[in-house]
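Now for the letters of each chain:
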Amino acid sequence: MKFNQTTLKNGLKVITVPTQDNPAVTVLVMVETGSKYEKKETNGLSHFLEHMVFKGTPKRPKAIDIAKELESVGAQFNAFTGQEYTGYYAKVNPEHLDIALDVVSDIYLNPLLNQEEITKEKGVIVEELRMYKDMPHRHVHNLFMNLVYGDQPAGWNIVGTEENINSFKQEDFRKYISEHYVAESTLVIVSGSFDEKKTLEKIENYFSQISTSKKSPKVEVKENQIKPETLVQSKESDQAHLVMGVRSFSARSEYETVLGVLATILGKGMSSRLWQKLREEMGVGYYVHATSDTYTDHGLFTISAGVDIKRIEEVISTLISECKKIISDPISDEELKKVKDYMCGSFMLGLETSDSRAEYVAGNSIVRGKIESPQEEIEKIQKVTVQEIKDIARKIFVDEGLNLAIIGPYKDKSQFEKILTFQKNT
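Residues numbered from 1 in each chain as written. Predicted model: local features only at pLDDT ≥ 70, side-chain atom pairs only at ≥ 80, totals over all residues. Heavy atoms only, no water.

Q: Describe in detail the overall build of the protein chain, supporting the description with residues and values.
A: If you tally the helices and strands in the protein chain, you get 16 helices and eleven strands. Along the first, second and third principal axes, the C-alpha atoms of the protein chain reach 65 × 45 × 35 Å. Going through the 426 residues of the protein chain one by one, you find that 54% of them count as buried. For the protein chain, contacts bridging at least 24 residues in sequence account for 81% of all contacts bridging at least 6. Looking at the protein chain as shown, the accessible area adds up to about 19,200 Å², and 49% of this sits on carbon and sulfur atoms. Taking the average location of the 54 positive side-chain charges in the protein chain and that of its 63 negative ones, the two points are 2 Å from each other. (Helix = DSSP H or I, 4+ residues; strand = E, 2+ residues; numbered from the N terminus. Buried < 20%, exposed > 50% of the residue type's maximum accessible area, 1.4 Å probe, protein only. Contact = heavy atoms within 4.5 Å. Areas by Shrake-Rupley, 256 points an atom, 1.4 Å probe, with all protein chains shown as cover. Lys, Arg positive; Asp, Glu negative; His and termini not counted. Charge placed at Lys NZ, Arg CZ, Asp CG, Glu CD.)

Q: Explain the sheet that holds strand β5 (residues 86-92) to me, and be specific about the residues and the numbers.
A: Strand order in the open sheet made by the six strands is β1-β2-β6-β3-β5-β4, with mixed pairing throughout. Each having just a single partner strand, β1 (4-7) and β4 (76-81) make up the two edges of the open sheet. Mean inter-strand twist for the sheet, computed between neighbouring axes without regard to direction, equals 15°. One ladder, built from six bridges, connects strand β2 (residues 13-18) with strand β6 (residues 186-192); its direction is parallel. Residue pairing in the sheet places V17 in a bridge with S191 of β6. Here helix α8 (residues 196-206) sits on the sheet and contacts β1, β2 and β6; the angle it forms with β2, its principal contact strand, is near 155°. (Pairing = 2+ DSSP bridges. Axes fitted to C-alpha atoms, helices over the stretch in contact; angles between N-to-C directions.)

Q: Explain the pairing of β5 to me, using residue names and the numbers behind them.
A: Each regular strand carries side chains that alternate between the two faces of the sheet. For β5, the buried fraction is high: seven of the seven residues fall into the buried class. What you see with β5 is no split at all: T86, Y88, A90 and V92 on one side and G87, Y89 and K91 on the other are buried throughout. The pairing of strand β3 (residues 25-31) with β5 spans seven bridges and is classified as antiparallel. Each bridged residue has a counterpart across the sheet, and for V29 the counterpart in β5 is Y88. Judged from the six bridges that link them, β4 and β5 form a sheet pairing that is antiparallel. Looking at the pairing, A79 lines up with Y88 of β5. The antiparallel pairing of β4 with β5 creates a hairpin that spans four residues between the two strands.

By themselves these figures say nothing about function.
Listed below in structure tokens is the structure:
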């Protein structure tokens, strides 16, 4: 996969990923802003704005105008909001690239933000928030983030609160756009089958009016923990959902690849240790995953699972034990090779489509601060050693960074606090 990076005269960054054998082309506009760039009273504004840009522009006054134009050429289009970026994209047949560029640039630069539409959309987003809260396997991750980071942007729900959602006015969106939707914060990515020279000229034209104001920074994440912490949300249910995790390292640290290998050993794929232990051997749950989540200035290593409510203490003890085994027990050459081959194979499969390639280069540019080729990524994975895995496990599997969030029919968190430690034998 080849890519080229260009910075236009107005400061707008453009990344082109040409692949002439691809039957589609994706236009992705990614802006370096999200929930971490919000204040307490504006928490949820990034996500709300993501909704509002599809509600109309001067050129396309109604939401149906935007949807009709894209769907008339069979486009796939959507948007997403994270803590550190927001993205808008359209995926089309190559002959419709100009339409995709026109529409995506228009909604990004010229949203109407009609107050009547804002008022209507409040109900939609409140229901979205409620929907996620009714999905314990998802909501437990929000609880975990709040447990770890507390009352700072990294600990807030990306969707916001009902109170905030209902309070937003047109001027709040206008102010936010002026502070963040500027050339310096914006990436335009085109991936797939297209003519690079002509496309760059079109991008320069479509984004000629983007603001060149200085971008607004986010607040640095504060890390503060001295002992294991537990949060339990009581909910009558037949299954308990949990996230157990530790503070880790950022996407820009030297440990990112090793952390990915460690996560794969423990909980990625049906042959991973935790899948085999919890599902195949113990039969206590349907899903279990281990993940290394890395951001620009902090990271988390988490294990999530949905398990039998009667066996949750046994499960927690098992998770602790399996983490400790990484340090104490051998990791065979056969297992390490299997893990690396799995990672490399799934990584390449994940780059098959034009939209996945666009998201790959955009996410790496913003979060990592650099883009490495797939071959460079694979080489880094293949170089990871058993000793590096054990060393990083010793660094992160410590009580000072250990946290547990649970949703289930439990009233007292003390039953979990007594077993949530790496120090005792489990």
